[in-house]
Amino acid sequence: MKYYRPIHFVMNDCRLLNDDGRALSQDELMKLWGLYNMMAGSTLSTFILRGESDDNLRSQYGTNTQNPTMLAKCLFMIGEKGRLCWNNKEFLNPDDITPENFRKICKALKRYINEGCRGNTGRSFIMRDFYDRNIDFCGALENTVDIEEKYAKLKSEERRAVNLYYLAIAHTINSYGYKKASSFVSATTNADVAQVFTDDVCIYGWVPKEPAGVNRQEYRTIDYVVAENESVVKQLGMPYCDTSVYPEQKEVTLRCGFLPHFIIGFKVKNCFYVNPAVFSSMDKLQDKRTFKELCQYKSRLLRYGLEVDQTNFEEFLRLTNFRRYYTFDGVKYEVHCLC
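Keep in mind the model is a prediction, meaning the values are calculated, not measured.

1. Focus on the packing of helix H5 (residues 99-117) against helix H6 (residues 122-133)
Okay, step 1: Here H5 crosses H6 at 125°, and the two axes come no closer than 7 Å. With respect to each other, H5 and H6 are oriented oblique. Contacts between H5 and H6 pair Ile-113, Asn-114, Gly-116 and Cys-117 from the former with Arg-123, Ser-124, Met-127, Arg-128, Phe-130 and Tyr-131 from the latter.
Okay, step 2: The residue makeup of the contact of H5 with H6, split by class, is five nonpolar, three polar and two charged.

The structure is reproduced here in structure tokens:
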């Protein structure tokens, strides 16, 4: 078990390299510094980090930290993807807002909780503690007639928010049945309390935050669920968790994966490899001629991510072990099969 450090200290103490393994030039260093300062203390973004094992990296890309420059090419082109992209198994789609799909989600979540509570393993003790801390939520899943009626009265976006929240809980439970086709990837917001079970690599990036008072539909960006934030589901009158499965981990579940557009870089041993999109995106600042244009560009960058060159994306993806990939156009997610 290892405690990772915030990105500021990591970049301060590590050798800073580009994706080819070359030390950053002075110009590149200043662009990285500029991006960090743009985000530090911003109300529009939150730094996140994710630890990953060499075994899982190899399962995805066919390479791992033993070849960090090849790993950099993979992470900075396609990011890290949820297990729904590792195979062609059926998965529960949060965008399916039919009552039938919601019933399937509830049924599956109930099964994952009950299965997790059985036995005498460390995980079963954690799951029984989760059950005790969330009696009302777990009890509501035993007979879903009432919550199905409430769900049917919700608007489309509200149903989708409930689906995302419930599936994020299923992902955090990490049941054997769900994890093979999970549509989420876990990260954390707090390096000081993030208990990570591998130190092979740590990926650093961010998630966009909605400004206070904005319309969610007008400010649509990537989907993610903060494990300890039940406010949206609570306001809708749907069952929610008082505390998450692992409250100390400050978990954030990213829908479908960790997009390269939101990855700043990754740490392997004492080296930090920087996403080349950091430099090309910061170059665009040079084109802005007014303070207003600079502010608008910052807002767009933090909201939609870096400008990643994904030329020949599918061809590159076919060199990996992925069977599917997803796209997000600012409106909807789509999962595509690699035929």
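2. A closer look at the pattern of salt bridges
Okay, step 1: Taken as a whole and judged by the stated rule, the model has 19 salt bridges.
Okay, step 2: For Lys-73, the salt bridge is made with Asp-19, and the minimal N-O distance between the two is 3.8 Å. Linking Lys-73 in helix H4 (residues 68-78) with Asp-19 in the loop between strand S2 (15-17) and helix H2 (26-39), this pair joins segments that are 54 residues apart in sequence.
Okay, step 3: For Asp-19, a relative accessible area of 15% puts it in the buried group.
Okay, step 4: Close ionic contact of Lys-284 with Glu-307 constitutes a salt bridge, the shortest N to O distance being 2.5 Å. Here Glu-307 lies in the loop between helix H13 (291-304) and helix H14 (313-317) and Lys-284 lies in the loop between helix H12 (276-283) and H13, a separation of 23 residues in the sequence.
Okay, step 5: Looking at Glu-307, the relative accessible area reads 29%, which means it is partly exposed.
Okay, step 6: It is possible to trace a salt-bridge network through shared partners that takes in Asp-95, Glu-157, Arg-160, Asp-223 and Arg-255.

3. Considerations on the nonpolar core
Okay, step 1: Phe-266 and Phe-272 are the most contacted members of the largest nonpolar core, which has 67 residues in total.
Okay, step 2: Here this core takes seven residues from H4, the largest share from any one element.
Okay, step 3: With sequence-adjacent residues up to four places away left out, Phe-272 is seen in contact with Ile-7, Val-10, Met-11, Cys-14, Arg-15, Leu-16, Leu-17, Tyr-204, Ile-264, Gly-265, Phe-266 and Lys-267.
Okay, step 4: Leu-92, Met-127, Phe-137 and Ile-169 belong to the second largest nonpolar core, which has 34 residues in total.

4. Description of the environment of Tyr-240
Okay, step 1: Structurally, the position occupied by Tyr-240 is in the loop between helix H11 (231-235) and strand S9 (251-255).
Okay, step 2: On the basis of relative accessibility, which here comes to 25%, the residue Tyr-240 falls in the partly exposed class.
Okay, step 3: Along the chain, Tyr-240 and Thr-63 lie 177 residues apart, while their C-alpha atoms are 40 Å from each other.
Okay, step 4: Those residues in contact with Tyr-240 that sit more than four places away from it in its chain are Phe-137, Tyr-165, Glu-230, Val-233 and Lys-234.

5. Concerning the confidence of the model for the chain
Okay, step 1: Here the chain averages 91 in pLDDT, while 94% of its residues score no lower than 70.
Okay, step 2: Confidence over residues 193-197 falls short of pLDDT 50; this stretch has 19 contacts with residues more than four positions distant or in other chains.

About the criteria used
Residues numbered from 1 in each chain as written. Predicted model: local features only at pLDDT ≥ 70, side-chain atom pairs only at ≥ 80, totals over all residues. Heavy atoms only, no water. Axes fitted to C-alpha atoms, helices over the stretch in contact; angles between N-to-C directions. Helix = DSSP H or I, 4+ residues; strand = E, 2+ residues; numbered from the N terminus. Parallel < 35°, antiparallel > 145°, perpendicular 65-115°, else oblique. Contact = heavy atoms within 4.5 Å. Nonpolar A, V, L, I, M, F, W, Y, C, P; charged D, E, K, R; others polar. Salt bridge = Lys/Arg side-chain N within 4 Å of Asp/Glu carboxyl O. Buried < 20%, exposed > 50% of the residue type's maximum accessible area, 1.4 Å probe, protein only. Core = buried A, V, L, I, M, F, W, Y, C linked by side-chain atoms within 4.5 Å. pLDDT = per-residue confidence, 0-100.

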